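One-letter residues, chain by chain:
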Amino acid sequence: MKLNILLAACLLFTQVAFAELTIEITKGSDSALPIAIVPFSNKGSSAVPFDVARIVANDLQRSGDFDTLPTSRMLSLPESQSQVHYRDWRMLGQSYVLVGNVKYSDYKQKYEVSYELIDVYSQKRLAGEIVSAGAKGLRKLAHYISDKVYESVTGVRGAFSTKIAYVTLKQLTKNKQEYRLQVSDADGQGSYTLFKSHEPILEPAWSNDGQHLAYSSFHTGRPAIYIQHIKTAHKRKVTSFKGLNSSPMWSPDDSSLVMTLSKDGNAEIYRFDLSSNKLDRLTKHYGIDTEASWSPDGKEVVFTSDRSGQPQAYRMRLSDRIPERLTFEGRYNARPRFSRDGESIYFVHRSARKGDSGFHIAAIDMKSGDQQVLTSTSLDESPSLAPNGRMIMYSTLRDNRSVLAVVSVDGGAKYFLPSSHGDVREPAWSPFL
């Protein structure tokens, strides 16, 4: 049954070209902090291949925590703190200003970028340094600056220098497809193919050291779980039992995977030790148990089970292995994922209200039981949390195509990462790199 469901989901893909994803912001947060990202001046004689300040502005705007001032509204374009007229920026309602410049060093054969983040009201410099990179590294350097600005203001580590993985598909002929496991920067740029197959690829999951992806694939004709190194592309087959081999997720110390196997006749949750290759069966029930993930401390797992008659989210401590039902609202609650503090879970939710047939991303506080629906799109699935815990990436249906979307954990900010040529699904947000 589960195998058929997975195969049916894969066939929902339509044609896609393997272009980079684009950002389309649809909603900002009402509590976003006003910040001016002043265009960085070019102190050299040659053109700069990337607009560093624009990349930083785009990063901060899509986080939902900042509202960037359009350049057209700026009264001046300072490049250092000494040139900042605080009265002008206060008049424009700005709390922070980022200024800087770029210069190509013939000696280092690199671009040197100087930046300063200034608090307009205290008139103090919060952050600043001179950093350098080659032409190909300028985008990465811009994300680094975004991370520094974000953390300096919010106290939370920025996640702009991270990566995402996702699955795409191209319809080659009427009966032949090509699936690709893609990796890109968190903003959808710099994408490349890690693995491709004519058979489905599902459920990529990052190791916590950011070096590997685990995923399930049908490329040999039967489902199996693989681990692939990001840089070398070296691949290891982990399991290929008869029946389901799906939903791999790494333990916090990367020593084992939790997964779904049906080798004994029913879909159950197992733990696979990567050093000894030993399996440990965690659930024993006639219902379907699947889509498990670990708590941040590695002492618990949450998973989906239909043991109550409909798919619901459950929690289980590894010490006693007694499942505890977490979700009671709605007729469908699946693919649970822990928050970074371990106090909440995010999951796919379907309401029990008459006429509401959509699937949405929701959150529940496990102590109070309070539940909040975060999205309003129609067919949301596969939630993946940013490593700083502030945003959730998921797949959704938009204009009859699957696209990636991101929502803040309070539901206040939203943006899409569509491909201009087709469907994209199964997102996985990397850890800090």
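Please refer to the structure higher up on the page.
As the structure is a prediction and not an experimental result, all values here were calculated from the model. (Residues numbered from 1 in each chain as written. Predicted model: local features only at pLDDT ≥ 70, side-chain atom pairs only at ≥ 80, totals over all residues. Heavy atoms only, no water.)

(A) Structural context of the packing of helix α2 (residues 52-63) against helix α4 (residues 138-154). Look at α2 against α4: their axes get within 9 Å of each other, and the N-to-C directions meet at 45°. On the basis of the axis angle, α2 is oblique to α4. Between α2 and α4 the crossing geometry is right-handed. Here Val52, Ile55, Val56, Asp59, Leu60 and Ser63 of α2 lie close against α4, whose contacting residues are Leu138, Arg139, Ala142, His143, Ile145, Ser146, Val149 and Tyr150. Of the residues assigned to the contact of α2 with α4, the class counts are 9 nonpolar, 3 polar and 2 charged. (Axes fitted to C-alpha atoms, helices over the stretch in contact; angles between N-to-C directions. Helix = DSSP H or I, 4+ residues; strand = E, 2+ residues; numbered from the N terminus. Parallel < 35°, antiparallel > 145°, perpendicular 65-115°, else oblique. Left-handed = near helix turned anticlockwise from the far one by under 90°. Contact = heavy atoms within 4.5 Å. Nonpolar A, V, L, I, M, F, W, Y, C, P; charged D, E, K, R; others polar.)

(B) Inspection of the pattern of salt bridges at higher detail. Under the definition given, this model contains 19 salt bridges. Taking the shortest distance from any N to any O, the salt bridge between Glu79 and Lys43 comes out at 3.1 Å. Of this pair, Glu79 sits in the loop between β4 (66-68) and α3 (86-91) while Lys43 sits in the loop between β3 (41-42) and α2, placing them 36 residues apart in sequence. Residue classification places Lys43 among the partly exposed residues on the basis of a relative accessible area of 44%. In this structure, Asp280 engages Arg271 in a salt bridge whose closest nitrogen and oxygen atoms are separated by 2.8 Å. Exposure remark for Asp280: the relative accessible area of 22% places this residue in the partly exposed category. A relative accessible area of 24% means that Arg271 is categorised as partly exposed. (Salt bridge = Lys/Arg side-chain N within 4 Å of Asp/Glu carboxyl O. Buried < 20%, exposed > 50% of the residue type's maximum accessible area, 1.4 Å probe, protein only.)

(C) Main features of empty space enclosed by the protein. This model, assessed by the stated rule, comprises 4 cavities of 30 Å³ or more. Here the largest cavity defines a volume of roughly 120 Å³. What lines the largest cavity is simply Arg62, Ser63, Tyr150, Ala159, Phe160, Ala186, Ala386, Asn388, Arg390, Met391, Tyr415 and Trp429. The class makeup of the residues in the lining of the largest cavity is 8 nonpolar, 2 polar and 2 charged. (1 Å grid on protein atoms, 1.4 Å probe; cavity = no way out; pocket = protein on both sides within 12 Å on 5 of 7 lines; lining within 4 Å. Points joined across faces, edges and corners; volume = space filled by probe spheres on them.)

(D) Structural detail: the side chain of Asp187. You can see Asp187 is positioned in the loop between β9 (176-185) and β10 (192-197). For Asp187, a relative accessible area of 6% corresponds to the buried category. At 2.4 Å, the side chain of Asp187 and the side chain of Arg139 are in polar contact. Within the local environment of Asp187, its side chain forms a polar contact with the side chain of His143, the two groups lying 3.4 Å apart. (Polar contact = N/O pair within 3.5 Å; in protein donor to acceptor, adjacent residues only side chain to side chain.)

(E) The pairing of strand β25 (residues 359-365), seen in detail. Buried residues dominate β25, accounting for 6 of its 7 residues. Bridge analysis of strand β24 (residues 344-350) against β25 gives 7 bridges, and the strand direction is antiparallel. Among the inter-strand pairings, Phe347 is bridged to a residue of β25, identified as Ala362. Hairpin connection between β25 and strand β26 (residues 371-373): a loop of 5 residues separates the two successive antiparallel strands, and Gly369 in this loop has a positive phi of roughly 80°. (Pairing = 2+ DSSP bridges.)

These values are about where atoms sit, not about what they do.
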